[in-house]
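A look at the structure
Chain residues, written in single-letter form:
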Amino acid sequence: MNQQTYADYMRDHFGFTGEGQLTDFLSREGGELMLGGRLNLSELARSRGAPLEVVYTPQISTQIARMRHWARGARRRAEYAGRFLYAYATKANFAAEAVQTALQAGAHYETSAAADVVIAHGLFRQGLLPHDRLIFCNGSKEAGYLEAIRNLRHAGCANVIPVLDDLDELEALLDNPAALQFGVRERAAGNRDGTHPGNDRFGLTAEEIERAAARIAGSRHQLVLYHAMIGSQVEDEAHFLATLRESVENYARLRRVTPTLRYFNFGGGMPTSGYRLGFSFDYEGFLTRLMVTIRDTCAAHGVPMPDLIGEFGRYTVATHSVVLLEVGAVKRGQPGAPDWYLVNGSMMVTLPDSLLVDGQEFVILPLSDWERPARPVRLGGRRTCDSDDVYPRPDRAPLMLPDTGAGLVLAIFGVGAYQQMISGRGGAHHCLSPEPARVIVTEREGRLVSRYVPQQDQATITRLLGYQPHLTSLAEPAPATVAARPPRVAPLVMRPAGNQRRRGYPRQPRISRVVAAGD
Ligand SMILES: *Cc1c(COP(=O)(O)O)cnc(C)c1O
């Protein structure tokens, strides 16, 4: 019997011939995996080695441009009179390059905490967050959060919109000298179907919304926004729409008595293709049907159609970053169980949601050897010593990968949203697993430009934990030397600096020159 190759496996399971578009962010050309059609990941793995975190910000711009394009189509098809506003939910990834790319692509801004508003304030001061952008402040607001909102308003930002999560927040802000625009968050939307316990802690009851509207009507402020968020990564379109329908109804009823109301905000939930091959979602169809629902509901109530807002977290950033890990050893599985591919990283640190979110998966592909036989394996993170540092979870089917074993480089996709924020950045991680080197690729005047940040060095980590660096400097001399150099800016490498392929770690990161793809 012929053994199935990895390419056969991909063809049989995902209908993928091995060349061309594989997902909406990933393609394969000449046997090389390409991110966003332009960044050659196979080449990066050859030139930089693994582990490596690849950040590709043009993907963020693409995501936003596509959604706005679909919204234009939806508005035409639904004959929708309101505008569509795209906001980036920054808690998905606070990295400056992610936030600034989203802003450059025209996104509005959604905050979840005091620090988030402070960042927005800085960007507002620098002109990077233009005056015409709306800033939606969600979540439960402690004194510091309320203070940050007041400060931003005081600085001249009239478009900061606190979305009330509690009536106390309203009382705390009513005496603000400058007029504020308020939003209310509908509590019922959070767990309407009973499957999202925890989500119903946000927002106001119908009766509280009425009271808030009355309080605001008698003040110098305005109630402008109705917020209803049903969940995250909502892949079932019919469910998404059915759950929002009642919120739209509530919006229209409130609009009848609140003429200043003009935004309907469905929050997050827009799904991303980053977690599962074979994912599909009819984004334009969803927006069209939502707009038709709002249009008809508003007509029935005799009120104008609102501007429609979405706050896109995962959708914006999940696919813009990739982690490359290398298999360093193969360990025989227990009798009857697949072998372990032991990789030079940590799944717990890189993919914390694989442990935190029930059923959370990520797309993992080999960068080479698609013509080799496929075999079932499980991944074990070698940089921790933890039985939970495995992927997939033990109750899931093993991964199919080429039988190459040591030296095979794997690309883990979908890690650009939440993973790094949950793990933290720049700190001491589980088993002191160092953060991999990072290549940040951005676009400047049509060209791709890359910046290289070396692997986190041991001395930094031990110092953070209170050790004296000279006593712990025995470890990993090579990365420590490298880290002493400042990060360098170099044009994107599309060619390996040398011919031989290096294995193992620690590695000496190499910087080299050459040109961007697509030039
Ligand atoms: C987290 C969050 C979002 C983003 O959710 P995604 O599903 O990641 O798009 C949007 N709005 C609010 C209020 C949130 O808390």
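Calculation criteria
- Residues numbered from 1 in each chain as written.
- Predicted model: local features only at pLDDT ≥ 70, side-chain atom pairs only at ≥ 80, totals over all residues.
- Heavy atoms only, no water.
- Near = heavy atom within 4 Å.
- Polar contact = N/O pair within 3.5 Å; in protein donor to acceptor, adjacent residues only side chain to side chain.
- 1 Å grid on protein atoms, 1.4 Å probe; cavity = no way out; pocket = protein on both sides within 12 Å on 5 of 7 lines; lining within 4 Å.
- Sits in = over half its atoms within 2 Å of the grid points.
- Nonpolar A, V, L, I, M, F, W, Y, C, P; charged D, E, K, R; others polar.
- Core = buried A, V, L, I, M, F, W, Y, C linked by side-chain atoms within 4.5 Å.
- Buried < 20%, exposed > 50% of the residue type's maximum accessible area, 1.4 Å probe, protein only.
- Domains from an automatic or database assignment.
- Contact = heavy atoms within 4.5 Å.
- Points joined across faces, edges and corners; volume = space filled by probe spheres on them.
- Pairing = 2+ DSSP bridges.
- Helix = DSSP H or I, 4+ residues; strand = E, 2+ residues; numbered from the N terminus.
- Axes fitted to C-alpha atoms, helices over the stretch in contact; angles between N-to-C directions.
- Expected span 1.5 Å × (residues − 1).
- Salt bridge = Lys/Arg side-chain N within 4 Å of Asp/Glu carboxyl O.
- Parallel < 35°, antiparallel > 145°, perpendicular 65-115°, else oblique.
- Left-handed = near helix turned anticlockwise from the far one by under 90°.

1. Thoughts on the site of the ligand
Inspection of the region around the ligand gives 15 residues, with Lys91, Ser232, Glu311, Gly313 and Tyr418 positioned closest. Here Ser232 contributes a side-chain N or O atom positioned 2.5 Å from an oxygen atom of the ligand. One of the side-chain nitrogen or oxygen atoms of Tyr418 is found 2.6 Å away from an oxygen atom of the ligand. If you map the ligand onto the pockets, it falls in the largest pocket. When the residues that make up the shell around the ligand are grouped by side-chain class, the tally is 4 nonpolar, 6 polar and 5 charged.

2. A word on the nonpolar core
If you look at the biggest cluster of nonpolar residues, it comprises 133 residues, and the most contacted ones within it are Met67, Met270, Leu324, Leu365, Leu379 and Phe413. When residues are assigned to domains, this core turns out to be shared by domain 1 (6-58 + 318-499) and domain 2 (82-312), each giving three or more. With sequence-adjacent residues up to four places away left out, Met67 is seen in contact with Phe84, Tyr86, Met270, Tyr283, Leu287, Phe312 and Tyr315. Among the nonpolar cores identified, the runner-up in size contains 10 residues, and Leu134, Ile161, Val163 and Tyr263 belong to it.

3. Comments concerning empty space enclosed by the protein
Tallied over the entire structure, the rule returns 4 cavities of 30 Å³ or more. As for the largest cavity, its lining consists of 29 residues, of which Glu53, Val323, Thr350, Gln420 and Pro436 are closest to the centre. Residue composition of the lining of the largest cavity, grouped by class: 9 nonpolar, 14 polar and 6 charged.

4. Regarding the sheet that holds strand E11 (residues 222-227)
Around the barrel, 8 strands lie side by side as E6-E7-E8-E9-E10-E11-E12-E13; this closed barrel has parallel pairing. Within the sheet, the average angular offset between the axes of one strand and its neighbour, ignoring direction, is 30 degrees. Across 5 bridges, the pairing between strand E10 (residues 181-185) and E11 is parallel. In the strand pairing of E11, Gln181 is matched with Gln222. Relative to the sheet, helix H6 (residues 143-154) contacts strand E7 (108-111), strand E8 (135-137) and strand E9 (160-164), its axis offset from that of E9 by approximately 150 degrees.

5. A word on helix H10 (residues 283-301)
Spanning 19 residues, H10 covers 27 Å between terminal C-alpha atoms, matching the ideal 27 Å at 1.5 Å per step. Within two residues after H10, Gly302 carries a phi angle of roughly 65 degrees, on the positive side.

6. Some words on the pairing of strand E14 (residues 321-331)
A large share of E14 lies buried, amounting to 8 of its 11 residues. Pairing geometry for strand E5 (residues 52-56) and E14, over 4 bridges, is antiparallel. Residue pairing across strands places Leu52 opposite Leu324, the latter belonging to E14. Here E14 runs beside strand E20 (residues 409-412); their pairing, made up of 4 bridges, is antiparallel. Each bridged residue has a counterpart across the sheet, and for Leu325 the counterpart in E20 is Leu410.

7. With respect to the pattern of salt bridges
One pass over the full model with this rule turns up 25 salt bridges. For Arg11, the salt bridge identified is with Asp8, shortest N-O distance 3.3 Å. Residue Arg11 and its partner Asp8 are both found in helix H1 (residues 6-14); the two are separated by 3 residues, about one turn of the helix. You can call Arg11 partly exposed: its relative accessible area is 44%. Notably, a salt bridge pairs Arg276 with Glu235, separated by 2.4 Å at the nearest N-O pair. Taken together, the positions of Arg276 in the loop between strand E12 (263-265) and H10 and Glu235 in the loop between E11 and helix H9 (237-257) put the pair 41 residues apart, joining distant regions of the chain. Three or more residues joined by partner-sharing salt bridges are found here, namely Asp8, Arg11 and Asp12.

8. Things to note about the packing of helix H3 (residues 58-78) against H10
Where H3 contacts H10, the two axes come as close as 8 Å, and the packing angle between them is 45 degrees. By the angle between their axes, H3 is oblique relative to H10. The hand of the H3/H10 crossing is right-handed. Together, Met67, Trp70, Ala71, Gly73, Ala74, Arg75, Arg77 and Ala78 of H3 and Tyr283, Glu284, Leu287, Thr288, Met291, Val292 and Arg295 of H10 make up the contact between the two elements. Taken together, the residues that form the contact of H3 with H10 break down as 9 nonpolar, 2 polar and 4 charged.

9. Some words on the side chain of Asn40
When you line up the elements, Asn40 lands in strand E4 (residues 39-40). Classification of Asn40 by relative accessible area gives buried; the value is 10%. Among the polar contacts made by the side chain of Asn40, one reaches the main-chain amide nitrogen of Glu43 at a distance of 2.9 Å.

10. Description of the sheet that holds strand E3 (residues 32-35)
Here we have 4 strands laid out as an open sheet, ordered E1-E2-E3-E4, and antiparallel in their pairing. This sheet does not close on itself; its edge strands, each paired only once, are strand E1 (20-21) and E4. Here E3 pairs with E4 via 2 bridges, running antiparallel. Bridged to Leu35 within E4 is Leu39.

11. Digging into the layout of surface pockets
Quantified by volume, the largest pocket comes out at close to 1,000 Å³. Forming the walls of the largest pocket are 40 residues, and the residues nearest its centre are Met229, Gly231, Ser232, Arg314 and Tyr418. Every element with two or more residues in the lining of the largest pocket is listed here: E7 and helix H13 (353-356). In terms of residue class, the lining of the largest pocket is made up of 11 nonpolar, 18 polar and 11 charged. Each of two domains, domain 1 (6-58 + 318-499) and domain 2 (82-312), supplies a minimum of three residues to the lining of the largest pocket. There is about 400 Å³ of room inside the second largest pocket. As for the second largest pocket, its lining consists of 19 residues, and the residues nearest its centre are Tyr9, Phe14, Glu361, Phe362 and Leu399. Looking at the lining of the second largest pocket, the elements that each hand over two or more residues are H1, strand E16 (364-366) and strand E19 (399-402). Top contributing element to the lining of the second largest pocket by residue count: H1, with 4 residues. The class makeup of the residues in the lining of the second largest pocket is 16 nonpolar, no polar and 3 charged. The residue makeup of the lining of the second largest pocket includes at least three contributed by each of domain 1 (6-58 + 318-499) and domain 2 (82-312).

Purely spatial values, then, with no claim about function.
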